[in-house]
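Each chain is listed here by its residues.
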Amino acid sequence: MKKYVWLMYSMIAGWLFLAQSIEAQSKFQDVMQQRGLSEQDAIAALKVYQPSGKHDEYYVFASGGQSGQVLVYGVPSMRILKYISVFTPEPWQGYGFDTDSKEILREGNVRGREINWGDTHHPALSETNGVYDGQYLFINDKANARIAVINLKYFETSQIVVNPLFKSDHGGAFVTPNTEYILESCQYAAPLTNDYYPMEAYQDTYRGGVTFWKFDKEKGRILPEESFTLELPPYMQDLTDAGKGISDGWGFTNSFNSELYTGGIEKGFPPFEAGCSRSDTDYLHVYNWKKLAELAKDAKNVKIINNHKVIPIDVAVKNNALFLIPENKSPHGVDVNPNGQYIIVSGKLDTHASVYDFKKILQQIDNKEFVGKDSYGIPILDLKKSLHGQLELGLGHLHNSFGKEDGIVYSSLYVDSQIVKWDYKNLKIYDRVNIHYNVGHLEAMEGKSADPQGKYLIALNKLAIDRFLPVGPLHPQNNQLIDIGDKKMELLYDLPIPLGEPHQAASIRASKIHPEVRYPMGTNPKTNQPHIGKTLAGEEHIVRKGDHMYIYATMVRSHINPEHITVNKGDKVTMYITNVERAEDETHGFTIDHHDIHVSVEPGETAQIDFVADIEGVFPYYCTEFCSALHLEMMGYFLVKDPKKDYDWSQKSKIKNLSPAELQEEYKKITANNEATQRVVDALFAFLKENQASKYPTVNNLLEDAKDQYAKILPEKEKATKAYKENNFENAILLENMAWQYLIKTADSAIRAKDLLVNTLASPKSAAAKRGEGAFKEGGCSGCHVVGKVSSGPDVTGVLKRHKNAEQWVAEYVKNPESKFQEPYMKKLIEFFNLKMPNQNMNDQEITDIIEYFKWVDKNADFF
Ligand code: K7E
Ligand code: CUA
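In the nomenclature of an unreviewed UniProt entry, the chain corresponds to Nitrous-oxide reductase from the organism Sulfurospirillum multivorans. UniProt, in its Subcellular location (unreviewed entry) section for the chain, records the words "Periplasm".

For the chain, the helix and strand inventory stands at 19 helices and 45 strands. Projecting the C-alpha coordinates of the chain onto the three principal axes gives extents of approximately 105 × 100 × 50 Å. Counting all 864 residues of the chain, 55% fall into the buried class. On the chain, roughly 39300 Å² of surface is accessible, and the fraction owed to carbon and sulfur atoms is 53%.

Take the site of ligand 1 next. Ligand 1 sits among H121, H122, H170, L239, H332, H399, G440, H441, K462 and H503. A class-by-class count of the residues in the shell around ligand 1 yields one nonpolar, eight polar and one charged.

Attention shifts here to the side chain of Q504. Positionally, Q504 belongs in the loop between β32 (490–497) and β33 (505–509). Using a relative accessible area of 3% as the deciding quantity, one classes Q504 as buried. The residues touching Q504, leaving out its near neighbours within four places in the chain, are F61, A62, S63, H121, H122, P123, H441, L442, K448 and L460.

Core analysis: the biggest nonpolar cluster contains 55 residues, and F212, F252, L292, I311, L322 and Y356 have the highest contact counts within it. Of all the elements, helix α7 (residues 289–296) adds the most residues to this core, at five residues. If you look at the next biggest cluster of nonpolar residues, it comprises 27 residues, including A775, V810, I851 and W856.

Below, the discussion takes up the layout of surface pockets. The computed volume of the second largest pocket comes to approximately 1400 Å³. Taken together, 31 residues make up the lining of the second largest pocket; nearest its centre are K82, P515, E516, V517 and E584. Those elements that provide at least two residues to the lining of the second largest pocket are β1 (58–63), β3 (80–85) and α12 (697–711). Of the residues that constitute the lining of the second largest pocket, the class distribution is 13 nonpolar, five polar and 13 charged.

Looking now at the sheet that holds strand β31 (residues 477–483). The strands that make up a sheet are held in pairs by hydrogen bonds between backbone atoms, and each pair lies either parallel or antiparallel. Spatially, four strands are ordered β29-β30-β31-β32 in an open sheet, and the strand pairing comes out antiparallel. Each end of this open sheet is capped by a strand with a single partner; those strands are β29 (439–445) and β32. Strand after strand, the sheet turns through a mean of 20 degrees between neighbouring axes, direction not considered. The strands touched by helix α3 (residues 39–48) within the sheet are β30 (454–461), β31 and β32, with β32 carrying the most contacts at an inclination of about 65 degrees.

As a further point, take the pairing of strand β14 (residues 250–255). Regular strands place side chains that alternate from one sheet face to the opposite one. Summarising burial for β14: six of the six residues are buried, a large majority. Of the two faces of β14, both are covered, the one formed by W250, F252 and N254 as well as the one formed by G251, T253 and S255. Relative to β14, strand β13 (residues 237–242) runs antiparallel, the two being bridged by four bridges. When the bridges of β14 are listed, Q237 appears paired with S255. In this structure, β14 lies alongside strand β15 (residues 281–288), joined through four bridges in antiparallel fashion. Looking at β15, one finds that G251 is bridged to Y287.

Basis of the calculations
- Residues numbered from 1 in each chain as written.
- Chains lettered and ligands numbered in written order.
- Predicted model: local features only at pLDDT ≥ 70, side-chain atom pairs only at ≥ 80, totals over all residues.
- Heavy atoms only, no water.
- UniProt positions renumbered as here; feature names shortened; annotations may be inferred.
- Helix = DSSP H or I, 4+ residues; strand = E, 2+ residues; numbered from the N terminus.
- Buried < 20%, exposed > 50% of the residue type's maximum accessible area, 1.4 Å probe, protein only.
- Areas by Shrake-Rupley, 256 points an atom, 1.4 Å probe, with all protein chains shown as cover.
- Near = heavy atom within 4 Å.
- Nonpolar A, V, L, I, M, F, W, Y, C, P; charged D, E, K, R; others polar.
- Contact = heavy atoms within 4.5 Å.
- Core = buried A, V, L, I, M, F, W, Y, C linked by side-chain atoms within 4.5 Å.
- 1 Å grid on protein atoms, 1.4 Å probe; cavity = no way out; pocket = protein on both sides within 12 Å on 5 of 7 lines; lining within 4 Å.
- Points joined across faces, edges and corners; volume = space filled by probe spheres on them.
- Pairing = 2+ DSSP bridges.
- Axes fitted to C-alpha atoms, helices over the stretch in contact; angles between N-to-C directions.

Written out as structure tokens, the structure reads:
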């Protein structure tokens with residue numbers, strides 16, 4: 001049995017037949033029965049369930065389809081973690097509502113037109129030597145031919161580039177092995193200029209192509225001025241992949257209209273779908289991007305269209321940088337295998353997958369061995385001579401993703417609604433699994449990198465039909481998790497995607513992603529640079545320059561500074577808001593009512609909003625994240641007055657004043673209350689100091705935050721005392737009240753720091769337990785037993801709870817294992833693990849110590 005399934009079995013086994021777990025066993029079966037779960041369901045549940053607080057092993061970045069966003073979820077739990085806003089405004093994150101993110105969104109304007117959505121298809125992770133490096137994510141917008149860059153340090157979109165030539169794209173984003181270039185191939189051919197040409201001019205003036213966007217990893221930016229495009233015939237280029245390993249330097253793009261068909265259903269012509277699939281073959285485009293990049297440097301090799309360098313077809317051909325190979329009719333995905341030798345083209349309209357061998361392709365190119373030229377003069381290689389082989393997989397083969405073992409690939413069958421596991425070297429099918437329903441892309445973990453991880457696979461299904469509670473005619477899509485860790489694939493879990501059609505996903509080990517938890521104080525997250533409006537606590541101010549008001553504001557639990565902003569009707573308003581928190585996850589949101597404004601300000605971030613105060617009135621503004629117990633009080637007033645008007649009002653209502661004696665009474669009450677709170681805070685600080693909280697960065701951030709708040713108490717108290725001495729009891733009370741607020745904020749952060757610290761620190765081991773741990777490890781026990789895990793022997797956690805008179809039982813067992821082998825429970829264990837525990841010749845002291853160690857393990861079981 002493979003390790004994974006076996007581990008699950010042993011966990012279930014733990015429930016089912018470990019001694020003294022009869023109660024648990026019946027509980028387990030009760031739940032299964034009540035919920036109508038089969039044993040297979042229960043195993044699947046155990047494989048995906050993550051207990052609260054446990055993190056997933058993989059990140060999956062799925063395109064958000066028509067939402068123009070990127071979806072982030074964890075595997076195996078399939079818990080959704082984030083929607084990254086890319087081509088579409090997203091109010092929670094303030095994307096498209098604050099000035100800096102609007103700037104990025106507006107970089108994506110096409111020919112001056114604001115575009116506020118995208119059709120995202122293919123996310124790609126940045127690579128170093130063909131392996132994912134966890135730094136950047138790229139994604140295309142098919143509808144408007146754009147590429148976006150997402151910085152994985154902050155999970156924020158940092159750049160959008162518009163293709164200057166293509167009207168739509170599909171073969172993007174795909175990266176070269178060191179992310180030198182991001183490849184974007186055209187989909188629907190059109191004139192590369194922005195001019196009109198009639199459909200009859202299709203063959204002469206419509207073109208496709210591949211754009212090579214130069215990427216600067218240091219800066220995290222695409223450099224449009226160093227980017228270029230290879231012109232291609234109007235064959236409707238589809239998907240693309242960059243070569244790697246032995247095919248590094250080359251790129252591959254398939255297509256589906258070698259017929260150059262132009263449709264015209266309304267004129268009585270057969271529709272596109274018929275005309276584009278008439279011929280038996282289409283073309284796989286093969287090009288040498290390294291050579292093209294060299295060519296693009298010389299002005300004589302390029303023509304400039306829309307301010308962008310284009311290498312014409314004939315220049316590429318003359319320089320032996322562009323070739324065609326026939327491929328079975330109307331194929332779809334093209335995927336280069338991990339070492340770069342094989343290129344798999346999916347059949348789509350043909351039941352066969354075609355495996356091309358790059359060595360064979362290169363040999364023909366080197367020998368100038370061509371079967372002819374297409375009508376644009378591009379040399380054509382022989383299909384048979386280029387193929388390693390073909391294999392019949394089934395109907396509607398769309399995409400491929402590589403497994404961990406050499407030669408293993410998983411493919412999606414759209415029409416058959418299946419995933420097939422097969423061997424592209426030996427051309428053999430190993431397994432099939434039915435999915436629900438109509439799968440497009442699929443993603444085995446890191447399955448498109450040079451270092452695939454296998455283990456899990458996501459099927460990105462188009463249809464969900466009956467999978468979920470009905471929500472009207474528009475259904476969610478369905479991403480299904482499949483266990484591929486064993487010989488047989490096994491469907492585990494359904495994740496409804498209520499957002500758009502997530503064509504493709506890219507996955508990566510969680511250990512490779514290192515996002516920041518806060519910004520350096522005053523950062524503009526869109527540029528990663530200090531913001532011009534950076535404002536620290538104490539620096540808040542408002543300045544007028546002509547009719548332009550500049551507001552430098554801060555947010556911190558639980559106030560916004562300033563709290564009153566008065567402007568004239570018609571004033572331009574620029575507001576800079578800095579979240580001066582240092583604590584993790586202390587985000588504040590900001591809105592001014594009736595102004596279509598919302599920003600999210602993360603700790604350390606400075607956000608900017610710009611608007612015109614064009615309506616008169618009183619507009620509350622407030623924090624939109626429930627950030628502390630005093631969150632509702634985190635507000636202020638934006639007042640817009642008309643300078644031409646007189647505002648007439650007189651004070652009629654009066655607040656009833658308290659007598660001095662009553663005020664003094666209230667003052668006493670609040671100071672007594674503050675002293676009591678102070679004692680709580682002192683105890684918290686003492687605990688944190690005693691347990692060296694400052695040694696743990698995350699705990700320390702919270703502690704620093706608590707200290708920040710704490711430092712504000714004394715000045716308030718001094719002012720309060722002074723006011724009291726001056727018999728200004730009213731103010732003294734207000735100031736003590738402010739001191740109390742800071743005490744509460746201090747306590748809030750300190751309590752969180754304490755909880756975290758307690759969780760971080762398991763209880764210390766006694767001397768005996770320490771010796772026991774040594775004996776356990778050196779005595780050979782750890783060869784079979786791993787604390788917190790079933791390995792080749794059972795988990796020792798809980799061993800003292802599993803047996804009657806457990807300490808004595810364990811002592812006897814370690815001393816003389818043989819003596820217990822006949823016990824029914826032990827018989828089962830031996831049968832299950834297929835192992836008998838050997839006698840390690842421990843002495844009595846060692847055995848006593850080991851039992852002490854086990855006690856410590858049990859006590860701290862939560863930390864393992
Ligand atoms: Cu097959 Cu756009 Cu990659 Cu959808 S594409 S499925
Ligand atoms: Cu800040 Cu609510």
